[in-house]
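Commentary on secondary and tertiary structure
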Amino acid sequence: MDILGNISLHTHIDSGMTCVPNDFIDSYLPRANGEYVKLYLYLLRTVSFEKEVSLEAVAEDLEYTEKDIRRALSYWEKEGLLYLDFDADGSLSGICFDGFGKKADAPVHAAEAAATQESPKKAILSADRIAALSAQKDIEELLFIAAQYIGKPLSPSEISNILYFYDELHFSKDLIEYLIEYCVSKGSKSRHYMEKVAFEWAKEGIHTVHEAKQSTNLYNRNYYKILNAFGIKGRGPAKPETEYMDCWLNTYHFTLEIILEACARTIAQTQRPNFQYADKILSEWHKSNVHHLSDIKALDAAHLKKQKAEKPKTAPANKFNNFHQRDYDFEQLEKQLLNT
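For the rest of this paragraph, the subject is the overall build of the chain. For the chain, the helix and strand inventory stands at 17 helices and four strands. Per-residue burial for the chain yields a buried fraction of 35% across its 340 residues. Sequence separation of at least 24 residues holds for 64% of the intrachain contacts in the chain that already meet a minimum separation of 6.

Take the confidence of the model for the chain next. Low-confidence regions, as indicated by low pLDDT, have predicted coordinates that should not be scrutinised in detail. Residues at a pLDDT of 70 or more form 74% of the chain, whose mean pLDDT is 78. Of the regions scoring below 50 in pLDDT, residues 99-119 engages in 30 contacts with residues more than four places distant in sequence or in other chains.

Okay, empty space enclosed by the protein next. According to the stated counting rule, one finds two cavities of 30 Å³ or more in the structure shown. Quantified by volume, the second largest cavity comes out at close to 40 Å³. Considering the residues around the second largest cavity, the lining is formed by Ile150, Glu158, Asn161, Ile162, Phe165, Arg191 and Met194. Residue assignment for the lining of the second largest cavity shows that the elements contributing at least two residues are α8 (156-167) and α10 (191-204). The dominant element in the lining of the second largest cavity, judged by the number of residues it contributes, is α8, at four residues. Each residue belonging to the lining of the second largest cavity can be placed in one class, and the counts come to four nonpolar, one polar and two charged.

Let us now look at the environment of Gly151. Structurally, Gly151 is set in the loop between α7 (137-150) and α8. Taking the C-alpha atoms as reference points, Gly151 and Lys189, 38 residues apart in sequence, are found 9.0 Å from one another.

Core analysis: the biggest nonpolar cluster contains 30 residues, and Ile162, Phe165, Phe171 and Trp201 have the highest contact counts within it. Elements that contribute at least two residues to this core include exactly α7, α8, α9 (173-185) and α10. When residues of this core are assigned to their parent elements, the largest contribution, seven residues, is made by α9. Beyond its immediate chain neighbours, meaning those up to four positions away, Trp201 contacts Phe171, Leu175, Tyr178, Leu179, Tyr182, Ile206, Ala212 and Thr216. Within the second largest apolar cluster, 24 residues are counted, among which are Leu62, Tyr64, Leu81 and Leu82.

Here we come to unusual backbone geometry. Not every positive phi belongs to a glycine, and Glu63 is a case in point at roughly 60°. Take Glu63: it is sitting in the loop between α3 (55-62) and α4 (66-79).

As a further point, take α4. Residue pairs three or four apart in sequence face the same way in an α-helix, which turns once every 3.6 residues. The end-to-end C-alpha distance of α4, which contains 14 residues, comes to 20 Å, matching closely the 20 Å that a straight helix rising 1.5 Å per residue would cover. Taken together, the buried positions of α4 are Ile69, Ala72, Leu73, Tyr75, Trp76 and Glu77. Phi turns positive one or two residues past the end of α4, at Gly80, with a value near 85°.

Here we take up the layout of surface pockets. Over the atoms, a rolling probe the size of a water molecule traces out where space has been left empty. Here the second largest pocket defines a volume of roughly 350 Å³. Along its surface, the second largest pocket is lined by 13 residues, and Arg265, Ile281, Trp285, Asp300 and His303 are the ones closest to its centre. Per-element accounting of the lining of the second largest pocket gives the leading share, five residues, to helix α14 (residues 275-287). Here the residues of the lining of the second largest pocket sort into five nonpolar, four polar and four charged.

Parameters at a glance
Residues numbered from 1 in each chain as written. Predicted model: local features only at pLDDT ≥ 70, side-chain atom pairs only at ≥ 80, totals over all residues. Heavy atoms only, no water. Helix = DSSP H or I, 4+ residues; strand = E, 2+ residues; numbered from the N terminus. Buried < 20%, exposed > 50% of the residue type's maximum accessible area, 1.4 Å probe, protein only. Contact = heavy atoms within 4.5 Å. pLDDT = per-residue confidence, 0-100. 1 Å grid on protein atoms, 1.4 Å probe; cavity = no way out; pocket = protein on both sides within 12 Å on 5 of 7 lines; lining within 4 Å. Points joined across faces, edges and corners; volume = space filled by probe spheres on them. Nonpolar A, V, L, I, M, F, W, Y, C, P; charged D, E, K, R; others polar. Core = buried A, V, L, I, M, F, W, Y, C linked by side-chain atoms within 4.5 Å. Expected span 1.5 Å × (residues − 1).

Here it is, written out as structure tokens:
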């Protein structure tokens, strides 16, 4: 795919200034890679020019590589802050900023369209609807319980999220309470993390606490398989270990087979369980877009080929090279022969 050609940028935001919504700063900026934020703000400013722009020039200005730009654009599209448009041959032809957190109505590839349809689309509840829901006694109790779990008064955004789970995702009060309990037990009180888990449950068709517990137990089984691969038995995972495994499973979206392969390589190299070492392996595989075990084999082959190419060549051994050569003063030898 030619990603560095000329592309057009579009927006439904009024031009004349670069508008960065507070929700971007509050919710998206803290958890995004700094390089991704840099590209997003650059493109958001550039879109006001209303003309074609070369991503090759953008890459040069920001000192990015093609892969850097591809990863950043893919990240923001998944977050729903922009939409990538492609030509028939698969080349990137446009980037659309359609308001904030809302994708443009434009054709996409079949696989991308299917993925979009599978995931719930978040709608913003009106102020009147939020007020009406908050006045219900069971919702009032739910918000009180949520504040106890989180350990502080709920912000308007947190309240809006919880009401969205109830009103739009049709989660019961008990299911929302379990959702909050589950996320806090995982060490996260972030409303974004709760939203992500809620969307996953909605996509899986989870509507009861029992179904949610069955789903979360699947992750627990994966935890113990990873611990076993490290030779750790007789105990559950510690919090730092859980954080690593959550990243591998939920952020990188690696299959269990890929994670177990990284564990095996870690043990072979360090002779002990080492989550940090395994994380370095998996982080590199994530950067290299590994999705299957066959991708790892291809990386191994390329690495071996590179090593062979860089190996210094040594002169072949022969009798002359093995013979100890002496240093002679030929001028002195000539004088001695003449005198003789």
